[in-house]
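Summary of structural features
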Amino acid sequence: GTPAPDNWGQLKTLTGSAPQAGASFGQSVAIDGERVVVGAPNRTVSNLGDAGAVLVFERNHNPDDPSAPAADYWGQRQMLLASVLNKGATFGASVSADGARVAVGAPQEGSYDAETGAAYLFGCAAAQLPATLEIDQWHSPEPITAAWDFHCFIDITNTAAGEACDEGEMTA
């Protein structure tokens, strides 16, 4: 339901598919319109502890039958993973969402003697996403890396579609 004006109320508790104890689900959260992005940086993926994952939820998305929207149901649309999984990368420690783009921080990405960190930028093929568009294939190029940890916050909200993010748009 929708709370009355000036009366905040809980709309939904998001948990995602296949919850894991100790995954730190909810450590980072971003919302953009009808989409919520939730980081689980300590999630085990493919037997790699703390590899991390990010879950994308959309309002009115029915994961059991995507062709039948469910009013005010916040269903999981996608699980985002790093293009190369690494134990201890903590992918999802920070997240930001802006329309068809999601940025994900992985502060411990890299080898154990050089945890340089990485930020991944995911996108969808559509330039504009109406609430009913099905997003089945998010993609990520190689991670954006630097000689410092990307562990604080990532904010991509003022970058035009197709415009490259520069270091000034990512707080590290």
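Scroll up for the structure.
Each residue is numbered by its place in its chain's sequence as written, counting from 1. Residues qualify for local features only when their pLDDT is at least 70, as the model is predicted, and side-chain atom pairs are given and counted only at 80 or more; totals for whole chains, interfaces and linings, by contrast, use all residues. Only heavy atoms go into the side-chain values, all of them from the structure, while hydrogens and water stay out.

With respect to the overall build of the chain
Where helices and strands are cited, they refer to DSSP runs of H or I of at least four residues and of E of at least two residues respectively, numbered from the N terminus. A tally of regular secondary structure across the chain gives 0 helices and 10 strands. Helices and strands in the chain line up, N terminus first, as β-β-β-β-β-β-β-β-β-β. In the chain, which comprises 172 residues, the proportion classed as buried is 38%. Within the chain, contacts between residues at least 6 apart in sequence are counted, and of these 48% link residues at least 24 apart. Partly exposed describes any residue whose relative accessible area lies between the buried limit of under 20% and the exposed limit of over 50%, with all areas from a 1.4 Å probe on protein chains only and scaled to the type maximum. Between two residues, a contact is recorded if the distance between any of their heavy atoms is within 4.5 Å.

Notes on the environment of Gly-92
Looking at the element boundaries, Gly-92 is found in the loop between strand S4 (74-80) and strand S5 (94-98). Using a relative accessible area of 0% as the deciding quantity, one classes Gly-92 as buried. Along the chain, Gly-92 and Leu-55 lie 37 residues apart, while their C-alpha atoms are 9.1 Å from each other. Apart from the residues lying within four places of it in its own chain, the contact partners of Gly-92 are Ser-28, Gly-39, Ala-40, Pro-41, Ala-53, Val-54, Val-104 and Gly-105.

Here we look at the sheet that holds strand S1 (residues 28-32)
The strand order S1-S2-S3-S4 describes an open sheet built from 4 strands, whose pairing is antiparallel. With partners counted over all chains shown, the strands left at the sheet margins are S1 and S4, one partner each. Geometrically, the sheet is characterised by an average inter-axis angle of 20° between neighbouring strands, direction not taken into account. Strand pairing is assigned whenever DSSP detects at least two bridges linking the two strands. Note that S1 and strand S2 (residues 35-40) share 5 bridges and pair antiparallel. Note that in S2 the partner of Ser-28 across the bridge is Gly-39. Every axis in this analysis is a line fitted to C-alpha atoms, fitted for helices over the stretch in contact. Angles between the N-to-C directions lie between 0 and 180 degrees.

A few points about the packing of aromatic side chains
Only the six-membered ring of Trp is used, alongside the rings of Phe and Tyr, when aromatic pairs are assigned; centres must lie within 6.5 Å, and planes under 30 degrees apart are stacked while those over 60 apart are edge-to-face, with the rest tilted. Applying the stated rule across the entire model yields 4 aromatic pairs. Seen from their ring centres, Phe-91 and Tyr-120 are 5.2 Å apart, and the 75° between their planes marks the pair as edge-to-face. Residue Phe-91 is located in the loop between S4 and S5, and its partner Tyr-120 is located in strand S7 (residues 118-123); the two are separated by 29 residues in the primary sequence. By relative accessible area, Tyr-120 is classed as buried at 1%.

Side note on the side chain of Arg-43
Here Arg-43 shows up in the loop between S2 and strand S3 (53-59). By the criterion applied in these results, polar contacts are pairs of N or O atoms within 3.5 Å in which, for protein atoms, one can donate a hydrogen and the other can accept it, and in which residues neighboring in sequence qualify only through two side-chain atoms. Polar contacts involving the side chain of Arg-43 include one to the main-chain carbonyl oxygen of Ala-18, which spans 3.1 Å. Here Arg-43 is in contact with Ser-17, Ala-18, Gln-20, Ala-23, Leu-48, Asp-50, Ala-51, Gly-52, Ala-53 and Met-79, once residues within four sequence places are set aside.

A word on unusual backbone geometry
Its identity as a non-glycine residue notwithstanding, Asn-47 has a phi of 65°, on the positive side. Among the structural elements, Asn-47 can be located in the loop between S2 and S3. Taking relative accessible area as the criterion, Asn-47 reaches 78% and is therefore assigned exposed. The backbone phi angle of Asp-72 is positive, close to 55°, even though this residue is not glycine. You can see Asp-72 is positioned in the loop between S3 and S4. The class of Asp-72 is partly exposed, set by a relative accessible area of 31%.

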